[in-house]
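In case you want the letters, here they are:
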Amino acid sequence: MSTSAAAAGSAPVNGLAAVSAPAATVESDAARGQSRSDRDTDVVVVGGGHNGLICAAYLARAGVATMLVEARDAVGGCASTVSDLDARFNICSCDHTLVRAMPFMDDLDLAAHGLRYVEADPATVYMSYDGSPPWLFFNDSERTIESIGRHRPEQARAYRRYLADARPVAELSLEMSTGPASTPKMLARLLARRGRGGVRLLQWSRASALDVMRSYFDDEALVMPAMSNGPTIWGAPPDGPGTGMAGMLYAMRHMVKTGRPVGGSGALTDALAASFTAAGGHLSCGTPVAGLLGDGRGVRGVRGVRLSDGTEIAAGAVVATCDPAPVASHWLAEPHGARARRFVGRARSQAPGDGYQSKIDAVITDVPRYPVLEESGLLDLFEGRDPAQSNYVMSPSIEELAEAHRLRPLGRVAERPTMMANVPSVLDPSMLSRDGHHVLSLEALFTPYNLEGGWARSQEPARWLEVWSSLLQPGFLDSIDRSRAMTPDRYEREMFLPRGYTPSYAGSPLASLFGRHRELSRYRAPVQGLFLSGAGTYPGAGIWGASGRNAADAVLRSLS
């Protein structure tokens, strides 16, 4: 590999640490037996999802010679938009919320690199399988309350009380996630707010999502969508302690508008990649990383990566944005020091995560319509906008969700799974198929990796379509022209996700505040030169990007 030079000394970017000079070193080169001239690059970022791209772009713009290596032939990870069936489909959800509140949108000049958002309003229609009237989630809280009050006046009043309590929690949580996690800084934020939201944030960190939401609402129509968009997506039971932060989700989404990148979710990662390369960063796609390069004395320090084809890339530091557990258990063969051994031992003692999400992508000749919505008297609230622009969330009852959790380890799917449906091409015509038809996205949870009988010949995806179509206009399934099912086994093969599992940081804000599992909230592994980022680190999964930005800060602070 050729050595790439860092740019001249640079200034901090919106609060991130500055690099004092191009001769800055990561950790101590002398201590690790490596000089700058021995390197192919200063930093290798492993993984081209949105967190990896954000981290790499910040480093490159700070003047650090940075290479990003991605196993797939293209960057984007689970935020990608891919081509298939003469159409383009988002790998995961097309809706972005928290990422839009992050400062890197401006820091990295993403608009200049082609990123543009459009917004559906209402953003979401929340439905139940029981035929009860749905309710609409608008960016504006008053319009949401009006929607709820049409059929549930008591719940509308409860929603107003809920927002009064939840908004300070959401504001504080967002503040804590947008900067590097450190106990002094997090405590300073609490003190600056004079505790406003802090006590409740810590209470909800210990509570279950179900308990938090039931303390405000006595109608499952308001409770269960918070489970669908929170613990169910995280793979956790709604009554599990520590899931209570799902209670802030409605409030958070009123603070930050949900939007969709024009051209699909992958427009975000395309813009990030363009920002990275424009700053001098180097992309290498198509070859997975097989392991880390140590210093030859037990793994006291990391000095680069080894690719699956045998290529070695020497670097001053490595940022791993994939699941931290395999990084520790498979890539650190001989950790040196008590902290490093505990880190590896903890990772090796964990059971491997199993994927539990599936998605049906389809090209359709008609758009789905929901009779229960048309009969609810709520269509006037769309103010002439096509109801098919919105995202639809179908939530089971609490008993059905409990049954879904019981069936999951048995390799079976619940009769009525949690599902999310949208037709992104209604709001964004650039997503129409090559022959001018709409594209459908239908997500289903829980769909176990080890499905009873296997996925190869399973009729489960067809059954989910049948279940969902029971809520639609008669004959809708006849409008499906062509389709594909993305199941956990395909996510494993095509997205390089072991067992189809997308990691998610499991710690609470309380755990982050006090630095428990510091490597996951402070981004520095207990091995010199190794940093961690991605969905498995604080603040967690979803299209957010905070951990990528925070990890870049951790690397920059280690320089010089």
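Before reading on, note that the structure itself is shown above.
This write-up is about the structure you can find in this document. The residue numbering used here restarts from 1 in each chain and proceeds along that chain's sequence as written. It should be noted that, the model being predicted, local features are given only for residues of pLDDT at least 70 and side-chain atom pairs only at 80 or more, the latter also being counted only at that level, while totals for whole chains, interfaces and linings use all residues. Computation of side-chain values covers all heavy atoms of the structure but excludes hydrogens and water.

### Focus on a positive patch on the surface
Put simply, a patch holds well-exposed residues, over 30% relative accessible area, that have no salt bridge, with like charges counted together within 9 Å and Val, Leu, Ile, Met, Phe, Trp or Tyr side chains within 5 Å. Computed by Shrake-Rupley with a 1.4 Å probe, the accessible areas treat only the displayed protein chains as cover when residues are assessed. Salt bridges are identified by distance alone: a Lys or Arg side-chain nitrogen within 4 Å of an Asp or Glu carboxyl oxygen. For this count, His and the chain ends are skipped, Lys and Arg are scored as positive, and Asp and Glu as negative. Charge placement uses NZ in Lys and CZ in Arg. For Asp and Glu, CG and CD serve respectively. A grouping of Arg339, Arg341, Arg342 and Arg518 is seen on the molecular surface, where their side chains present a positively charged patch. Only DSSP runs of H or I with at least four residues qualify as helices, and only runs of E with at least two residues qualify as strands; both kinds are numbered from the N terminus onward. It is helix H13 (residues 338-349) that provides the largest number of residues to the positive patch, a total of three residues. Within the secondary structure layout, Arg341 lies in helix H13. The cut-offs for exposure are 20% and 50% of the maximum accessible area for each residue type, with area from a 1.4 Å probe on protein chains only; residues under the lower value are buried, those over the upper are exposed, and the others partly exposed. On the accessibility criterion, Arg341 (47% relative accessible area) is partly exposed.

### Remarks on the sheet that holds strand E16 (residues 438-445)
Pairing is mixed across the open sheet formed by seven strands, whose spatial order is E7-E6-E14-E15-E16-E13-E17. Of all strands in the sheet, those bounded by a partner on one side alone are strand E7 (135-137) and strand E17 (480-486). Neighbour to neighbour, the strand axes of the sheet diverge by 20° on average, direction disregarded. Strands pair, by our definition, only if DSSP identifies at least two bridges between them. In the sheet, strand E6 (residues 124-128) pairs with strand E14 (residues 391-395) via five bridges, with the strands oriented parallel. Across the sheet, residue Ser128 finds its bridge partner in E14, namely Ser395. Convention adopted: a line fitted to C-alpha atoms gives each axis, helices being fitted over their contacting stretch, and angles between N-to-C directions are expressed from 0 to 180 degrees.

### Looking at the packing of helix H12 (residues 324-331) against H13
For the pair H12 and H13, interaxial distance at closest approach is 8 Å and the crossing angle is 110°. For the element pair H12 / H13, the angle class is roughly perpendicular. Of the two elements, H12 crosses H13, and the hand of that crossing is left-handed. In this structure, H12 uses Ala325, Ala328 and Ser329 to contact H13, whose residues at the interface are Phe343, Val344, Ala347 and Arg348. Residue composition of the contact of H12 with H13, grouped by class: five nonpolar, one polar and one charged. Angle categories: roughly parallel below 35 degrees, roughly antiparallel above 145, roughly perpendicular from 65 to 115, and oblique for all the rest. A clockwise turn of the near helix away from the far one marks a right-handed crossing, whereas an anticlockwise turn of less than a right angle marks a left-handed crossing. In this description, contact between two residues means that some pair of their heavy atoms is separated by no more than 4.5 Å. Three classes are used, and their members are as follows: Ala, Val, Leu, Ile, Met, Phe, Trp, Tyr, Cys and Pro are nonpolar, Asp, Glu, Lys and Arg are charged, and the others, Gly among them, are polar.

### Observations regarding helix H11 (residues 266-278)
Between the first and last C-alpha of H11 there are 18 Å, a value that for 13 residues agrees with the 18 Å anticipated at 1.5 Å per step. For H11, every residue scored as buried is listed here: Gly266, Ala267, Leu268, Thr269, Ala271, Leu272, Ala273, Ser275 and Phe276. Multiply 1.5 Å by the residue count of a helix minus one, and that product is the helix's expected span.

### Describing the pattern of salt bridges
If you walk through the whole model with that rule in mind, you get 28 salt bridges. With its nearest N and O atoms 3.6 Å apart, the salt bridge here joins Asp86 to Arg434. Here Arg434 lies in the loop between helix H16 (424-427) and E16 and Asp86 lies in the loop between strand E3 (81-84) and strand E4 (87-90), a separation of 348 residues in the sequence. Looking at Asp86, the relative accessible area reads 46%, which means it is partly exposed. For Glu146, the salt bridge identified is with Arg150, shortest N-O distance 3.5 Å. On the accessibility criterion, Glu146 (38% relative accessible area) is partly exposed. One connected set of salt bridges, linked through shared partners, spans Asp84, Lys359, Asp361 and Arg484.

### Some thoughts on unusual backbone geometry
Here the residue pair Asp121 and Pro122 is connected by a cis peptide bond, since its omega of 10° sits within 30 degrees of zero. Within the secondary structure layout, Pro122 lies in the loop between strand E5 (117-118) and E6. Geometrically, the link from Tyr538 to Pro539 is a cis peptide bond, its omega value of 5° lying close to zero. Positive phi, normally seen in glycine, also occurs at Leu85, with a value near 55°. On the secondary structure map, Leu85 appears in the loop between E3 and E4. Judged by relative accessible area, Leu85 falls into the partly exposed class, the value being 24%.

### Notes on H12
Across the eight residues that make up H12, a large majority, six, are buried. Listed as buried for H12 are Pro324, Ala325, Val327, Ala328, Ser329 and Trp331. Polar contact is the term for a pair of N or O atoms within 3.5 Å; when the atoms are in protein, one must be able to donate a hydrogen and the other to accept it, and sequence-neighboring residues count only if both atoms are side-chain atoms. Structurally, the start of H12 carries an N-cap: the backbone nitrogen of Ala325 is 3.1 Å from a side-chain oxygen of Asp323.

### So, the environment of Gly411
Tracing the chain through its elements places Gly411 in the loop between helix H15 (398-407) and strand E15 (418-422). The spatial distance from the C-alpha of Gly411 to the C-alpha of Leu451 is 4.2 Å, given a sequence separation of 40 residues.

### A few points about the pairing of strand E11 (residues 302-307)
Judged from the four bridges that link them, strand E10 (residues 289-294) and E11 form a sheet pairing that is antiparallel. Bridged to Leu292 within E11 is Val305. Pairing of E11 with strand E12 (residues 312-320), which is carried by three bridges, proceeds in the antiparallel orientation. Across the sheet, residue Gly304 finds its bridge partner in E12, namely Ala314.

### Points about the environment of Arg490
Position of Arg490 among the secondary structure elements: in helix H18 (residues 488-495). Exposure remark for Arg490: the relative accessible area of 18% places this residue in the buried category. Between the alpha carbons of Arg490 and Gly500 there is a distance of 7.2 Å; along the sequence they are ten residues apart. In this structure Arg490 touches Asp84, Arg484, Ala485 and Met495, once residues within four positions along its chain are discounted.

### Here's the deal with the packing of helix H1 (residues 50-61) against helix H21 (residues 546-558)
It is at 7 Å that the axes of H1 and H21 come closest, and there the two elements cross at 35°. Note that H1 runs across H21; the crossing there is right-handed. Contact with H1, carried on its side by Asn51, Ile54, Cys55, Tyr58 and Leu59, involves Ala546, Ser547, Gly548, Arg549, Ala551, Ala552, Val555 and Leu556 of H21 and no other residues of that element. Tallied by class, the residues present in the contact of H1 with H21 amount to nine nonpolar, three polar and one charged.

### A look at the pairing of strand E1 (residues 41-46)
When a strand is regular, its side chains alternate between the sheet's two faces. Burial analysis of E1 places six of its six residues in the buried class, which makes it a mostly covered element. Sheet topology note: the E1/E12 ladder contains five bridges and is parallel. Bridge pairing in E12 places Val44 opposite Val318.

### Observations regarding the packing of aromatic side chains
Any Phe, Tyr or Trp ring, taking Trp's six-membered ring, that has another such ring centre within 6.5 Å forms a pair; planes under 30 degrees apart are called stacked, those over 60 apart edge-to-face, and the others tilted. Per the counting criterion, the structure on display carries 18 aromatic pairs. Relative to Trp464, the ring of Trp455 has its centre 6.0 Å away and its plane inclined at 70°; by these criteria the two rings are edge-to-face. Both rings, one in Tyr505 and one in Tyr538, keep their centres 5.8 Å apart while their planes meet at 85°; by these two values the pair is edge-to-face. Taken together, the residues span a long stretch of sequence, with Tyr505 in the loop between H18 and helix H19 (509-513) and Tyr538 in the loop between strand E18 (530-532) and H21 at a distance of 33 residues. Taken together, the ring pairs connect Tyr126, Trp135, Phe137, Tyr159, Tyr162, Trp204, Tyr216, Phe217 and Tyr250 into an aromatic cluster. Whether a charge lies above a ring is judged from NZ of Lys or CZ of Arg, which has to be within 6 Å of the ring centre and within 35 degrees of the ring normal. A cation over an aromatic ring shows up here: Arg408 above the ring of Phe446, its NZ or CZ 5.1 Å from the ring centre.

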